Amino acid sequence: MAVKALRGPWCWPRDAEERAALAGELEIRSVDIVSPQTALAVSVLGDLESATLWELSIQTEGGTPLGRSALAAWADAGACLCQSVALLWRSVRQVQLAGPPTATKLRTLLFSASSTPPAETHLEGESYGTVFALMQAAELLGLAIPSDVACTGAVSADGTIRGVMGVREKSLAIALGAPRVTRLFVAREDVAAAEEALAPCQDAGHLSVVGVATVGALLDEVWGEQVREGLIKMGGSSLARTEIVDNLFHLCVEKGWSAISHFPPVVSAIEVMESEWAELGQWDRERLSIAKAIARRHIDNSGHITLPTPNQMSRLVAPQRVSFAAQVVQQCADTGKGQTVELRCLVDAHLVRGADAFVEHLELLGAWARLEAVRGEATVALEHAIEAALGLIARSRPADASHSLSLWFRLASVLGDQEALESAEGVFQRLQALGVGSVWLNAERAVAMARVQRWEIAHDALAEILQEVTLPHDYLRAMSYRWLIREASVQGNASCLLSRLQDLAKRERGADVSWRHNFRIAEAMVALDDEEESLGVMSKERALEVMQECDSGLVASLLRDCSDPVAKLRAHYPYA
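Residues numbered from 1 in each chain as written. Predicted model: local features only at pLDDT ≥ 70, side-chain atom pairs only at ≥ 80, totals over all residues. Heavy atoms only, no water.

Colleague: So what exactly am I meant to see when it comes to the confidence of the model for the protein here?
Modeller: Close reading of the predicted structure is inappropriate where its pLDDT is low. On average, the protein scores 85 in pLDDT, and the residues at 70 or more come to 88%. When mean pLDDT is compared element by element in the protein, helix 17 (residues 378–394) scores highest at 97, while helix 1 (residues 2–6) scores lowest at 44. In the predicted structure, residues 1–6 sits below a pLDDT of 50 and forms ten contacts with residues beyond four places in sequence or in another chain. (pLDDT = per-residue confidence, 0-100. Helix = DSSP H or I, 4+ residues; strand = E, 2+ residues; numbered from the N terminus. Contact = heavy atoms within 4.5 Å.)

Colleague: Explain the environment of R397 here, please?
Modeller: The topology assignment puts R397 in the loop between helix 17 and helix 18 (402–415). On a C-alpha basis, the gap between R397 and V359 in space is 8.0 Å, while along the polypeptide they are 38 residues apart. The residues contacting R397, other than those within four sequence positions of it, are V359 and L392.

Colleague: I would appreciate a short explanation of the packing of aromatic side chains in the present structure.
Modeller: For any pair of aromatic rings, the description consists of the separation of the ring centres together with the inter-plane angle of the planes. For the coordinates displayed, the defined rule picks out seven aromatic pairs. Plain terms: the ring middles of Y475 and Y575 are 5.1 Å apart, the flat faces sit at 85° to each other, and that makes the pair edge-to-face. Separated by 100 residues along the polypeptide, Y475 in helix 22 (residues 475–490) and Y575 in the segment after helix 27 (565–572) bring together distant segments of the chain. Taken individually, Y475 and Y575 each receive the classification buried, so the pair is uniform in this respect. An aromatic cluster is defined as three or more aromatic residues linked by ring pairs; in this entry it consists of W74, Y128 and F132. In this structure, R287 is placed above the aromatic ring of F249, and the distance from its NZ or CZ to the ring centre is 5.8 Å. (Phe/Tyr/Trp six-rings, centres within 6.5 Å; stacked < 30°, edge-to-face > 60°. Buried < 20%, exposed > 50% of the residue type's maximum accessible area, 1.4 Å probe, protein only. Lys NZ or Arg CZ within 6 Å of the ring centre and 35° of its normal.)

Colleague: Teacher, can you tell me more about the sheet that holds strand 3 (residues 102–110) here?
Modeller: Spatially, the three strands line up as an open sheet ordered 1-2-3, and their pairing is antiparallel. The open sheet terminates on both sides in strands that have one partner only, identified here as strand 1 (38–44) and strand 3. Averaged over neighbouring strand pairs, the angle between their axes works out to 25° when direction is ignored. Here strand 2 (residues 50–57) runs beside strand 3; their pairing, made up of eight bridges, is antiparallel. Within the sheet, the bridge partner assigned to L56 lies in strand 3 and is A103. Contacts from helix 6 (residues 167–177) reach strand 1, strand 2 and strand 3, with the element oriented near 130° to strand 1. (Pairing = 2+ DSSP bridges. Axes fitted to C-alpha atoms, helices over the stretch in contact; angles between N-to-C directions.)

Colleague: Explain the pattern of salt bridges here, please?
Modeller: Side chains that differ in sign of charge can pair as their charged atoms come close. Counted according to the given criterion, the structure contains 24 salt bridges. The partner of D148 in a salt bridge is R183, with the nearest N and O atoms 3.1 Å apart. Of this pair, D148 sits in the loop between helix 5 (129–141) and strand 4 (149–151) while R183 sits in strand 7 (residues 183–187), and the two are 35 residues apart along the sequence. When the shortest N-O distance is used, the salt bridge between E425 and R445 registers 2.8 Å. With E425 in helix 19 (residues 418–433) and R445 in helix 20 (residues 439–451), this residue pair connects regions lying 20 residues apart in the sequence. Given the relative accessible area of 11%, E425 is considered buried. Take R445: its relative accessible area is 12%, and that puts it in the buried class. Connected through shared salt-bridge partners, R482, R486, D529, E531 and R570 make up one network. (Salt bridge = Lys/Arg side-chain N within 4 Å of Asp/Glu carboxyl O.)

Right under this line is the structure:
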């Protein structure tokens, strides 16, 4: 067992000469490379007085098996991979059919002198989710998990990473028992606890704690460009390439945020496919271009979709045509491009209203309402948003009504339509009773209540969003800052106002580069909200420049033929 512990290679000394000498003594050739399908895991028992390091391996027979909750985490890890990087559903299933890993004990660390090593007959718990996701991704992409990496965290099937119990003890066990590990990945909410546990430990200086919110972000941090290289290999046959394109097109056009939790890897993967897969047919290239544009819109409102040709539409089944039309409309609303007569003709050709409308038709109507709102047609947009939301609920699809109900809240508050706002609140409460909702809907409702000065409702919801670590998009957090700063300013709470402003500035500096523009937009909107320009964030002139720099297409669309840009952006910019 001592030799097994040394073969980690996570448990080997950090010093290269010491490793080489030890390898020669034990006649082991390689100590730097982790075997494929192998990973490091750490467990703690309920009393938190000990932690055990394990080697997980799909290839090892007769090891310690996984318990029921760990097996569920293994399944969730496979499900979330399809939504975190452009992988084939079939390939993920094949990896899972190969069987879950078993564990070999490397070493146990006792945190109390009176503790005794636990007898663990199986590994239990959801905290292995991130390790399982890395193991399955490694197999799919033909990679090995680097020997300097360890992670702990639960994963949801949508790709988000959640905090776990015992993260303090697990962090210490990694620092003390696995000296070769230099990067410990945990859920964002667990970073503070892990760093606090490591602070007094003199042997933890080599270990950095990295917070990640999604599995897609974790894969990017661990492998970077190697993920893209793995994707190139996956497209080794015509059938494989077509299946990958089919999957991407379906996820981006018909599912969006409900299926993909982290869009930057999707854009990167598609760019690799476009440049490296020379054998792609024209239709596959067109669909990749469409999927990439939609993914870029979800990141920063960029990307452009040209109006579909009759040939393109003929290659889609009827529901896909309507969903595609909805995506084109939404793309125009968010990017400010393509608002033409031809777009209206596309909508008229595919939109069905009233009792004959299917779910896809109502989603198209909701997208059209969002475009109408951007064009300044708030009253008719509100009518269409209400029709779409109520229609989806009537068709037993209440979860799909969130986007239209969000727009309903926003437009009702902007127009000062109290009756429509109360009706939206009634529908919201109905959905809550059914256990249906979304973080977007909660945020839009809170902002609507803030607009009409109903802070008793708005405050708690906005503050809760700030604390949520698994947000699918940071614009929701940035938007919450704007309105909480507005509350403090209106109520004359100077200390709270200063604290919020400092927190927002800190967020802007520390945000992931993919989302940093959201916090710059929030700072600009705070400046536009500031009638007296007393907060010192930036001038209104500079705020307008920042808005145009961060979201040029949408801002230009909103300000077209506008005599009061400050008022227009304050009321109608939808993402702040």
